[in-house]
Amino acid sequence: MTFTAALAITAGPRALADPAPGAPAETAPTVATGPADPQYLLQNMATLLMGYQRDLPNPAEQQYWWQQIASLPGRAGANLATMLDPSQYQGPDGQQRLRDTLQKLIDMTVHQIPTIAGAGLLPVNRLFAPNWSHNGQWGSPEDNALEVDSPADSAGHVGLSAPFRYPCVRVDGDVWYQNEDGVCVPADSPGVVFKTGTARKIQIIDSRGLRMAATMWYPEGALDPGNTKKYPMTVFTNGAAVPQSAYYAWTETAVTRGYIGLTYDEAGQGASDGTVLDQEIPFNVPYCASSGVCRDVEDVMRWVFNDDIGNAPTTESFLGDTSNPVNFWNTVHIPRIGKLYNPAYAPDGDNIRNPALDMVDLDRVGVWSQSQGSLGLTHYLKDVGEGKGMDGRPVPKPAAAVVLSALSPVFNSIVPTQIQTADIDIPGMTSSGVFPLNNFDFGGANIGLNFTDGPLGDKAWYDWLRRHGSGNAALQTLTLLGGSHGDTANIDFIVPQATYSVAVSVNYAVDWMDCHIQQDDAACGRVTQADPHLSKSVASEIAPDGTAGPSYCMNTPTEQSVETALFGPIKDFLNKLYGEEPPAPCTPANGDIPLHP
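Residues numbered from 1 in each chain as written. Predicted model: local features only at pLDDT ≥ 70, side-chain atom pairs only at ≥ 80, totals over all residues. Heavy atoms only, no water.

Summing up its helical and strand segments, the protein chain has 14 helices and 17 strands in all. For the protein chain, the spread of C-alpha atoms along the three principal axes comes to 75 × 70 × 50 Å. In the protein chain, which comprises 597 residues, the proportion classed as buried is 57%. Across the protein chain, every contact between residues at least 6 apart in sequence was considered, and the portion connecting residues at least 24 apart equals 75%. (Helix = DSSP H or I, 4+ residues; strand = E, 2+ residues; numbered from the N terminus. Buried < 20%, exposed > 50% of the residue type's maximum accessible area, 1.4 Å probe, protein only. Contact = heavy atoms within 4.5 Å.)

Applying the stated criterion to the full structure yields 4 disulfides. In this model Cys288 forms its disulfide with Cys294; the gap between the sulfur atoms is 2.0 Å. Its S-S torsion of approximately 100° makes the covalent link between Cys288 and Cys294 right-handed. You'll find Cys288 and Cys294 in the same group, each marked buried. Along the protein chain, the cysteines that take part in disulfide bonds pair up as 1-2, 3-4, 5-6, 7-8, counted in sequence order. (Disulfide = S-S within 2.5 Å.)

Considering the arrangement of structural elements, one finds Ala312 in the loop between α8 (291-304) and α9 (325-331). Exposure remark for Ala312: the relative accessible area of 3% places this residue in the buried category. It is 27 Å that separates the C-alpha atoms of Ala312 and Gly159, two residues lying 153 residues apart in sequence.

Further remarks concern the pairing of strand β5 (residues 196-205). By the bridge criterion, 5 bridges tie strand β1 (residues 161-165) to β5 in an arrangement that is antiparallel. In the sheet register, Ser161 faces β5, and the bridge partner there is Arg200. Bridge count for β5 against strand β6 (residues 211-218) is 8 bridges, and the pairing is antiparallel. Along β6, the bridge assignment pairs Thr198 with Tyr218. Hairpin connection, β5 to β6: the antiparallel pair is bridged by 5 residues, and Gly209 has positive phi, about 85°. (Pairing = 2+ DSSP bridges.)

Let's shift gears to the packing of aromatic side chains. Throughout the structure, instances matching the rule amount to 11 aromatic pairs. With a centroid separation of 5.9 Å and an interplanar angle of 45°, the aromatic rings of Phe236 and Trp368 are classed as tilted. Taken as a pair, Phe236 in strand β7 (residues 231-237) and Trp368 in strand β9 (residues 360-370) lie far apart in primary sequence, 132 residues in all. Across this residue pair, the class does not change: Phe236 and Trp368 are buried. (Phe/Tyr/Trp six-rings, centres within 6.5 Å; stacked < 30°, edge-to-face > 60°.)

Another point: the environment of Asn590. Checked against the element boundaries, Asn590 lands in the segment after β17 (587-588). On the accessibility criterion, Asn590 (70% relative accessible area) is exposed. Along the chain, Asn590 and Cys553 lie 37 residues apart, while their C-alpha atoms are 9.4 Å from each other.

All right, on to the sheet that holds strand β4 (residues 184-185) then. An order of β2-β3-β4 is seen for the 3 strands of this open sheet, with the pairing classed as antiparallel. With partners counted over all chains shown, the strands left at the sheet margins are β2 (167-169) and β4, one partner each. In this structure, strand β3 (residues 175-178) lies alongside β4, joined through 2 bridges in antiparallel fashion. Of the residues in β4, the one forming a bridge with Gln178 is Cys184.

Following this line, the structure appears as structure tokens:
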């Protein structure tokens, strides 16, 4: 089969939905054009250094990271000593335990970011760390070890419980915390008693039989005896390589607004079972560039809603179906010498049920994600729109979604969805990166090269969905001023980012959840207002009626960024090559944007 025949190019674009009678037309430009200002380009790129300027001179940061590095040999040695204890490998189950230990070592060594015998290399941001050690010191090295290290016999420190402070993330990059009265105060305020929630470590078995490390987050009072309140819930899927702790700012902030939260490590990273290859192969999921991650998102959502998680077909053979090359491509997986766990719920299988199930209002569950996790989440939204998951069964529908810094194709706007990127994020140029929207299919063998990112890619994705899709759920696209792919994660010290980005991203994301899940009209108003830290190069827009109505400009572009200046001409060439239309204009707001619960 030729390349051209393998490329599923969609039909030509339809006109965007006509505005209601009397409504203004979409006339405002959405991507900056014209000569680039060299001084502004330098200023925009300099935002990448802001995080370093904040963190590197900070003695507390220096000490924390040094302690993390210095403690690695001792932590790894303690784990190895446990693994090498010969007494555990005696008896009838000894050989299986030995295979499990060897598998754990393989998994930890072939993670996206390897660990040293289970000792994690990337520390949790101390500003968001629960006090796992219960030593009364927030963000201590002891807390970090319990957060990022993984014992041999489980995915993370399962069963551990700890308090965490209610964060107030500020645009200057600092984090304050709520006191008992709900007032945000500096962390070093003398005599203050902080408001706290509870974090608990659990593990979830995915459809491939792999244990995923996860954390439940409960607001203050949620676990009190006799509490019968029903809570909304959020579920966060993290990005490539980094552990769930890289996104605690989003979940913890949602908890301050009354949500129960779930974060987890996809198989192949963090404290979870699996290798990096388990995230990618078998490469057999249409419109998904990371098949394992797409499966894990679906499995976790089924777990949240108490749906059964069936065994993935690829677990039924040692290596895959070798009857022909296409079948092998679609079923090949990494053989495991360790135990594969049963995803059925106990007592029939190894999965626990969602411990917050009786506390959660399942009509008010929101989902959010970043980077590789966003590829999985947008694929899940596609499946929601099509009414079935990978196994042909209906999948639970979330009430709202926030997608940070990466996108897979979505064909229906039936879940209110906000997308975020940054001026200097990974530079996608079309709705599928550098291709038209596609599912590469070579005689039944799928190759998911259909993801996009960055200000130009996000805008192309947004326009494609509004031109070709259906559904009237609200859509929003936001581009942060300056910053990079790391601006939608709370990793400090080593990642280039603007100091204000986490605060801006978190506030827009949680307001989006509150607008559509909590039916909070004030949050709907806030999420339509243009923060001064939004891009000056690409418009941020919102379509309150999704594909069925106009897209309103929250701001308009005035300056070229590095990405629009360098990649805009390439995008224009690709648009002509593929017959795609240029970026669609937006409707000037001329007042309040009509977004309501």
